[in-house]
Amino acid sequence: IGMVAWKIILRTPEYPAGREVVFIGNDITIKGGSFGTTEDLLFDKASKLARAKGIPRIYIACNSGARIGGVDELKSLVKVSWVSKDDPMKG
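Below or above, wherever it landed, is the structure these notes cover. (Residues numbered from 1 in each chain as written. Predicted model: local features only at pLDDT ≥ 70, side-chain atom pairs only at ≥ 80, totals over all residues. Heavy atoms only, no water.)

### Things to note about helix α1 (residues 37–53)
Along its 17 residues, α1 runs 24 Å from first to last C-alpha, staying within 8% of the 24 Å computed at 1.5 Å per residue. Of the residues making up α1, those classed as buried are Glu39, Phe43, Ala46, Ser47 and Ala50. For α1, the buried positions fall inside an angular range of 100° around the axis, keeping them on one side. Projecting away from the buried face of α1 at angles above 90 degrees are the exposed residues Thr37, Lys45 and Ala52. Close packing links the buried residues of α1 with β1 (3–10), β2 (19–26) and β3 (57–60). Glycine 54 sits one or two residues past α1 and shows a positive phi near 70°. (Helix = DSSP H or I, 4+ residues; strand = E, 2+ residues; numbered from the N terminus. Expected span 1.5 Å × (residues − 1). Buried < 20%, exposed > 50% of the residue type's maximum accessible area, 1.4 Å probe, protein only. Arc of directions from axis to C-beta. Contact = heavy atoms within 4.5 Å.)

Quick look at the structure:
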(Lines give C-alpha, C1' and ligand atoms only; values in the text may rest on other atoms or scores of the structure.)
Protein backbone atom coordinates (compact mmCIF):
# COMPACT_ATOMS: atom_id res chain seq x y z
CA ILE A 1 0.00 0.00 0.00
CA GLY A 2 1.31 3.42 -0.94
CA MET A 3 -0.66 5.53 1.53
CA VAL A 4 -0.52 6.37 5.23
CA ALA A 5 -2.90 8.05 7.67
CA TRP A 6 -2.28 9.54 11.10
CA LYS A 7 -4.57 10.88 13.81
CA ILE A 8 -2.47 13.44 15.63
CA ILE A 9 -2.81 16.25 18.12
CA LEU A 10 -1.74 19.48 16.44
CA ARG A 11 -0.78 22.39 18.66
CA THR A 12 -1.00 25.87 17.13
CA PRO A 13 -1.26 29.42 18.51
CA GLU A 14 -5.04 29.17 17.97
CA TYR A 15 -5.22 25.78 19.75
CA PRO A 16 -2.38 25.75 22.32
CA ALA A 17 -3.94 22.78 24.13
CA GLY A 18 -3.98 20.89 20.85
CA ARG A 19 -6.59 19.75 18.37
CA GLU A 20 -7.06 16.31 16.84
CA VAL A 21 -6.47 16.18 13.09
CA VAL A 22 -6.40 13.32 10.57
CA PHE A 23 -3.56 13.54 8.04
CA ILE A 24 -3.57 11.35 4.93
CA GLY A 25 -0.67 11.14 2.49
CA ASN A 26 0.40 8.94 -0.38
CA ASP A 27 3.90 7.85 -1.35
CA ILE A 28 5.00 8.84 -4.87
CA THR A 29 7.74 6.19 -4.71
CA ILE A 30 5.16 3.37 -4.73
CA LYS A 31 3.59 3.01 -8.19
CA GLY A 32 3.79 6.75 -8.76
CA GLY A 33 1.61 7.46 -5.74
CA SER A 34 -1.42 6.23 -7.68
CA PHE A 35 -4.67 5.12 -6.04
CA GLY A 36 -5.53 1.44 -6.12
CA THR A 37 -8.27 -0.34 -4.19
CA THR A 38 -6.21 -0.65 -0.98
CA GLU A 39 -5.34 3.06 -1.00
CA ASP A 40 -8.98 3.91 -1.65
CA LEU A 41 -10.05 1.79 1.34
CA LEU A 42 -7.53 3.48 3.66
CA PHE A 43 -8.54 6.95 2.40
CA ASP A 44 -12.22 6.11 2.94
CA LYS A 45 -11.72 4.76 6.48
CA ALA A 46 -9.51 7.68 7.57
CA SER A 47 -11.99 10.17 6.08
CA LYS A 48 -14.92 8.49 7.85
CA LEU A 49 -13.02 8.61 11.14
CA ALA A 50 -12.44 12.36 10.74
CA ARG A 51 -16.12 12.96 9.92
CA ALA A 52 -17.33 10.79 12.81
CA LYS A 53 -15.10 12.64 15.28
CA GLY A 54 -15.90 16.05 13.74
CA ILE A 55 -12.20 16.83 13.24
CA PRO A 56 -10.32 18.24 10.24
CA ARG A 57 -8.93 15.90 7.58
CA ILE A 58 -5.87 17.08 5.67
CA TYR A 59 -4.81 15.23 2.53
CA ILE A 60 -1.24 15.69 1.28
CA ALA A 61 -1.38 14.65 -2.37
CA CYS A 62 1.58 13.59 -4.44
CA ASN A 63 0.26 11.12 -6.98
CA SER A 64 -0.29 10.21 -10.60
CA GLY A 65 -4.03 9.47 -10.33
CA ALA A 66 -6.00 6.24 -10.31
CA ARG A 67 -4.50 2.86 -11.09
CA ILE A 68 -7.27 1.95 -13.58
CA GLY A 69 -5.17 -0.68 -15.36
CA GLY A 70 -4.94 -2.69 -12.15
CA VAL A 71 -8.68 -2.85 -11.45
CA ASP A 72 -10.37 -5.61 -13.44
CA GLU A 73 -13.86 -4.23 -12.73
CA LEU A 74 -12.97 -1.03 -14.64
CA LYS A 75 -11.15 -2.47 -17.64
CA SER A 76 -14.36 -3.16 -19.57
CA LEU A 77 -15.50 0.46 -19.02
CA VAL A 78 -12.35 2.12 -20.41
CA LYS A 79 -11.95 2.33 -24.18
CA VAL A 80 -8.64 3.32 -25.77
CA SER A 81 -8.07 4.23 -29.41
CA TRP A 82 -4.64 4.99 -30.83
CA VAL A 83 -3.80 7.33 -33.72
CA SER A 84 -1.62 4.48 -34.98
CA LYS A 85 -1.90 0.99 -33.49
CA ASP A 86 1.70 0.39 -34.58
CA ASP A 87 3.00 3.44 -32.68
CA PRO A 88 1.15 4.14 -29.38
CA MET A 89 3.62 6.98 -28.66
CA LYS A 90 1.69 9.11 -31.19
CA GLY A 91 -1.25 9.12 -28.85
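### Re the nonpolar core
Among the nonpolar cores identified, the biggest contains eight residues, and these are Met3, Val22, Ile24, Phe35, Phe43, Ala46, Ala50 and Ile55. No other element matches the three residues that α1 contributes to this core. Aside from chain neighbours lying at most four places away, what touches phenylalanine 43 is Met3, Ile24, Phe35, Arg57 and Tyr59. (Core = buried A, V, L, I, M, F, W, Y, C linked by side-chain atoms within 4.5 Å.)

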